[in-house]
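These are the residues of each chain, in order.
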Amino acid sequence: MKIGYFDCCSGAAGDMIVAACLDAGAPRDVLLEELAKLNLPKINLRIEKVKKNALAATTFVPEAPHEHHHRNLGIIREIIEAANYSPRVTVQAVTIFTALAEAEAKVHNTTIEQVHFHEVGAVDSIIDIVAACLALELLQVDKIYASPPVVGNGTVKCAHGIMPVPAPAAAELLRGIPITPTETQGELLTPTAAAILTTLAENFGPLPEMTIENIGYGAGQKNFPELPNVLRLIIGTARDLTDTTPTEVAVLEANIDDTAPEIIGFLTEQLRHAGALDVFCTPIFMKKNRPATLLSLICRPDETPKFENIIFRQSTTFGIRHHRCRRNILNRQTHTVTTTYGPVRVKQGFYQGHLITVSPEYEDCRHLALQNNLPLKDLIAAAQKAAEELT
C-alpha cells in the first residue's frame, strides 16, 4: 500500500500541498489537462523551481483575475461535479469544501448554504483544492498521514479584517488535531490547507513505517530566516497492514495518595464505562514514603478532555499528566466457537497473515466453568483449541 506523509514543519497552504505533489512526481501536464475541465475564468498556473533557505522546492501559483462576486457551496459543488472527475476526486473535493463551509458558518453564526466564500470561493482556492485531490490520485497514494502542523503566531488580515492566528475557520477545522508551537510570526497554516489535511489525513503524528520512494518539497510564498518555508511530502510503501495497524493514543496519568481504595475502584469503573481503551492502577510510593496509586488511562486523543473531566471530578488529584504515543494493534477477528461444554466467543490476532494469538472471552468461560463444575483453565484451553481448528 502506498502512503503519503505531509511533514508540516513550516505549516501548509493549499498551493504548497499541490506543489509538494508535483515535486514528488505528479505529472504536470496531466494535472494541467485535468484542471482545464473546470468551468472557471481563464487562469495562469505558474509552476517553477525555487530555493527556500538553500533548499530546492517547487511552487504552484494560480494567477487568477480579480473577481467581484463570491461563490457559495452549491455553486462550487456544481463546478466540481460538472468536470466529471473520478468519484474519488469529486467526493474528496466536495467534502473539503463542505468542511470549510461548516467552519465558516460556525464562526460567523450562519448556515452552510448562506456562507459566501470570500477567500476559499475564489478561483485560486478552487484550483488548489481540486488540484490537491487530483495530484494525490495521480501519485496513486492510498492513504495520507501528516505531522502535527505548525500554525504560526500573531494575527492575519482576512476578508473580515484582522484575525488571530490560527484564523477562526482554521481553528475550527483543527478541533481534536494536535498542533506544534512555534515562535514564527504570521499565519503558517491556511484554512484551505487545514481543510485539505483534516479531511484527507488518517491521523496526525510521527512518520509511519514505510520504505521511502519519493520526496517532494512544496514552497510557500513567504520567507522565514529561521527555517525554509516548505511543505515536505514523503511517499513510500507501507509494510503489510495485515501485520499491525498503527494508531495514535493519548495516555493520562495521575498520582493519587489521599483517596480511599473504594473511590479508586469506582473511578476506574466510571472511566471504563465512558469508553477508555484501557485503565490500570500501579502501587507507588510518593514523598515521605507515602503509599499511593498511579492511575493510568489510554484513550483516543480527541477524548482527552472527557476523561480529564471524570478524573478531576471523581478523584482528589490536583494534576493530570498526558502525552501521545503510537500503538500498533494486531488485526483481529471475533468468532463464536463451539466447545464440548457450550459456545464461547474468542478474539483472534493475526500477524503477517498468520494466527498467532487466541483470547477466549473470560465471562463465557467463567459461566461454562461454573455450569459444568470444571476448572476455568480447562474451558479456556477448549476454546483456544476450537478457535485454532476453525482457522
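Residues numbered from 1 in each chain as written. Predicted model: local features only at pLDDT ≥ 70, side-chain atom pairs only at ≥ 80, totals over all residues. Heavy atoms only, no water.

Visitor: Requested: an account of the packing of helix α5 (residues 123-138) against helix α7 (residues 191-200), with residues and values cited.
Guide: For the pair α5 and α7, the least separation of the axes is 10 Å and the interaxial angle reads 30°. Viewed along their axes, α5 and α7 adopt a mutual orientation that is roughly parallel. Crossing handedness for the pair α5 and α7: right-handed. In this structure, α5 contributes Ser-125, Asp-128, Ile-129, Ala-132 and Leu-136 to the contact, and α7 contributes Thr-192, Ile-196 and Leu-200. Counted by class, the contact of α5 with α7 contains 5 nonpolar, 2 polar and 1 charged residues. (Axes fitted to C-alpha atoms, helices over the stretch in contact; angles between N-to-C directions. Helix = DSSP H or I, 4+ residues; strand = E, 2+ residues; numbered from the N terminus. Parallel < 35°, antiparallel > 145°, perpendicular 65-115°, else oblique. Left-handed = near helix turned anticlockwise from the far one by under 90°. Contact = heavy atoms within 4.5 Å. Nonpolar A, V, L, I, M, F, W, Y, C, P; charged D, E, K, R; others polar.)

Visitor: Break down the nonpolar core for me, with residues and values.
Guide: In terms of nonpolar packing, the biggest core is built from 67 residues, with Phe-6, Leu-35, Leu-38, Phe-60 and Val-130 touching the most fellow members. With 11 residues, α5 is the single largest residue contributor to this core. In this structure, Ala-250, Ile-264, Leu-267 and Leu-271 belong to the second largest nonpolar core, which totals 16 residues. (Core = buried A, V, L, I, M, F, W, Y, C linked by side-chain atoms within 4.5 Å. Buried < 20%, exposed > 50% of the residue type's maximum accessible area, 1.4 Å probe, protein only.)

Visitor: Explain the pattern of salt bridges to me, using residue names and the numbers behind them.
Guide: Tallied over the full model, the rule gives 13 salt bridges. The shortest N-O distance in the salt bridge between Arg-232 and Asp-7 comes to 2.8 Å. Here Arg-232 is found in strand β13 (residues 230-238), whereas its partner Asp-7 is found in strand β1 (residues 2-7), with 225 residues between them in sequence. We classify Asp-7 as buried; its relative accessible area is 14%. In this structure, the salt-bridge partner of Asp-364 is Arg-345, at a minimum N-O distance of 2.9 Å. Note that Asp-364 is positioned in helix α10 (residues 362-372) and Arg-345 in strand β18 (residues 342-351), a separation of 19 residues in sequence. (Salt bridge = Lys/Arg side-chain N within 4 Å of Asp/Glu carboxyl O.)

Visitor: Which residues make up the pairing of strand β16 (residues 291-299), and what values do they have?
Guide: For β16, the tally of buried residues reaches 7 of 9 residues, placing the bulk of the element in the interior. By the bridge criterion, 8 bridges tie strand β15 (residues 278-285) to β16 in an arrangement that is antiparallel. Bridge assignment links Asp-278 to a residue of β16, and that residue is Ile-298. Where β15 folds back on β16, the antiparallel hairpin that results is connected by 5 residues, among which Lys-288 adopts a positive phi of roughly 60°. (Pairing = 2+ DSSP bridges.)

Visitor: Which residues make up the packing of helix α4 (residues 87-108) against α7, and what are the values?
Guide: Between α4 and α7, the shortest axis-to-axis distance is 9 Å and the interhelical angle comes to 125°. As far as their axial angle goes, α7 and α4 are oblique. Here α4 and α7 pass one another in a crossing that is right-handed. Two secondary-structure elements touch here, α4 through Gln-92, Thr-95, Ile-96, Ala-99 and Leu-100 and α7 through Pro-191, Thr-192, Ala-195, Ile-196, Thr-199 and Leu-200. Here the residues of the contact of α4 with α7 sort into 7 nonpolar, 4 polar and no charged.

So far we have only geometry, and geometry alone does not tell us how the molecule works.
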